[in-house]
Amino acid sequence: MPETPAAPGPLLVLVAMPEEAAPLVERLAAPRPLETPFTSGVEAVRGTLAGTDTAVVTTGIGLAAAAAAVTWGILATAPSLVVAAGTCGGLAADVEVGTLVVGEEFSYSIADATAFGYAPGQLPGGPVRFRAETAAVEAAEAAARRADAAAVRRGLMLSGDAFVTAPLAGPMRERFPGALSADMETTASARTAQALGVPFVALRAVSDLCGPAAGQQFHLELDVAATASARAVEALAEGLAG
């Protein structure tokens, strides 16, 4: 007899902070905590989001924290898709707070091996950019638009273990023309998902601007931005379930 096909894995949603997890967990039906091997800093909840089996993992802040938590999350849940959610800083000069950024490409913002011929943000032995699969990007962008985001942009997201303030923003824009946002986790998560063979995309909402221009609103309450991201992830989950 032929083997019964395995059920598709859950949606694995990653956030850095509990405040970013809250609006996602609120949307889960029958949520239950998942036991993790971490002594602190990582929490996981599994339930159903808009008809899709979903695990929400709070990774902690930073590249190393994200890589560790995502590795466990992928190995423990065998997801069909990994989504980085929550908030980010707007880096591009024309990005406004409230914008939902759909990650298409990812790079390390402060990695520099250019002395050895590598591109800015490229680590030796790694690609110039980590890239999301086209189908995942298109599904995420469509979900963001269905969620009535203030604005939706797709493109390059940067990550590094430095909070990008105005003095860092200008040089970073020069090194990475066209980069939309900066955060402290997404690229590490993208790299881990790629290494473990799982599709990855990001849906993060801009909560503050990295070096805003005069007259720009430069800050949005964390819970407001996190809720915007959660709505888009819910719309993505609904599309996967349908």
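Since the structure is predicted, the reported quantities are computational estimates derived from the model, not experimental observations.

**Some remarks on the nonpolar core**
With 66 residues, the main nonpolar core has Leu203 and Val233 as its most contacted residues. For this core, the element with the highest residue contribution is helix H6 (residues 222-241), accounting for eight residues. Listed in part, the 10 residues of the second largest apolar core include Leu91, Leu158, Val164 and Met172.

**Description of unusual backbone geometry**
The backbone phi angle of Ala78 is positive, close to 50°, even though this residue is not glycine. Of note, Ala78 is situated in the loop between helix H2 (63-77) and strand E5 (81-84). Unusually for a residue other than glycine, Asp148 sits at a positive phi of about 60°. In this fold, Asp148 is placed in the loop between helix H3 (134-146) and strand E9 (151-159).

**Points about the layout of surface pockets**
As a volume, the largest pocket reaches approximately 330 Å³. Those elements that provide at least two residues to the lining of the largest pocket are strand E6 (87-90), strand E10 (181-183) and strand E11 (200-209). For the lining of the largest pocket, the class distribution of residues is 12 nonpolar, four polar and five charged. Of the pockets and cavities examined, the second largest pocket occupies roughly 150 Å³. As for the second largest pocket, its lining consists of 15 residues, and the residues nearest its centre are Tyr108, Gly126, Pro127, Phe130 and Arg191.

**Side note on the pattern of salt bridges**
Tallying each qualifying case throughout the model produces nine salt bridges. Two residues, Arg145 and Glu141, come together in a salt bridge whose shortest N-O distance is 3.1 Å. A residue pair is termed a helical-turn pair when its members lie 3 or 4 positions apart in one helix, as Arg145 and Glu141 do in helix H3 at four residues. With relative accessibility at 17%, the residue Glu141 sits in the buried group.

**Notes on empty space enclosed by the protein**
For the structure on display, the rule yields one cavity of 30 Å³ or more. In this model, the largest cavity occupies a volume close to 60 Å³. Together, Leu14, Val15, Ala16, Thr59, Ala84, Ala85, Glu185, Thr186, Ser189 and Arg204 line the largest cavity. Among the elements of the structure, strand E1 (11-15) and helix H5 (186-195) are those that each provide at least two residues to the lining of the largest cavity. Taken together, the residues of the lining of the largest cavity break down into five nonpolar, three polar and two charged.

**Points about the confidence of the model for the chain**
Scored by pLDDT, the chain comes out at a mean of 93, with 95% of its residues at no less than 70. pLDDT under 50 marks residues 1-6. Its contacts with residues more than four places away, or in other chains, come to zero contacts.

**Structural notes on the packing of H3 against H6**
Interhelical geometry of H3 versus H6 gives an angle of 120° and a closest axis separation of 8 Å. Between H3 and H6, the angle is such that the two are oblique. Considering only the axes of H3 and H6, their crossing is right-handed. Facing Ala139, Ala140, Ala143, Ala144 and Arg146 of H3, the residues of H6 in contact are Ala232, Ala235, Leu236 and Gly239. Its residues assigned to classes, the contact of H3 with H6 comprises seven nonpolar, one polar and one charged.

**Some points on the packing of aromatic side chains**
Counted according to the given criterion, the structure contains three aromatic pairs. Considering the side-chain rings of Phe38 and Trp72, the 6.4 Å spacing of their centres and the 85° angle between planes classify their relative orientation as edge-to-face. Of this pair, Phe38 sits in the loop between strand E2 (29-33) and strand E3 (43-49) while Trp72 is found in helix H2, placing the two residues 34 residues apart along the sequence. Note on Phe106 and Phe200: the rings are 5.3 Å apart at their centroids and 80° apart in plane angle, and the pair reads as edge-to-face. One end of the pair, Phe106, is in strand E7 (residues 99-108); the other, Phe200, is in strand E11, with 94 residues separating them in the sequence. A single burial state applies to Phe106 and to Phe200, both of which are buried.

**Things to note about the side chain of Arg46**
Within the secondary structure, Arg46 sits in strand E3. Overall, Arg46 belongs to the buried group, its relative accessible area being 16%. If we skip the residues at most four places from it in the chain, Arg46 touches Pro10, Leu28, Ala30, Pro31, Arg32, Leu34, Asp53, Thr54, Ala55 and Thr77.

Cut-offs applied
Residues numbered from 1 in each chain as written. Predicted model: local features only at pLDDT ≥ 70, side-chain atom pairs only at ≥ 80, totals over all residues. Heavy atoms only, no water. Core = buried A, V, L, I, M, F, W, Y, C linked by side-chain atoms within 4.5 Å. Buried < 20%, exposed > 50% of the residue type's maximum accessible area, 1.4 Å probe, protein only. Helix = DSSP H or I, 4+ residues; strand = E, 2+ residues; numbered from the N terminus. 1 Å grid on protein atoms, 1.4 Å probe; cavity = no way out; pocket = protein on both sides within 12 Å on 5 of 7 lines; lining within 4 Å. Points joined across faces, edges and corners; volume = space filled by probe spheres on them. Nonpolar A, V, L, I, M, F, W, Y, C, P; charged D, E, K, R; others polar. Salt bridge = Lys/Arg side-chain N within 4 Å of Asp/Glu carboxyl O. pLDDT = per-residue confidence, 0-100. Contact = heavy atoms within 4.5 Å. Axes fitted to C-alpha atoms, helices over the stretch in contact; angles between N-to-C directions. Parallel < 35°, antiparallel > 145°, perpendicular 65-115°, else oblique. Left-handed = near helix turned anticlockwise from the far one by under 90°. Phe/Tyr/Trp six-rings, centres within 6.5 Å; stacked < 30°, edge-to-face > 60°.

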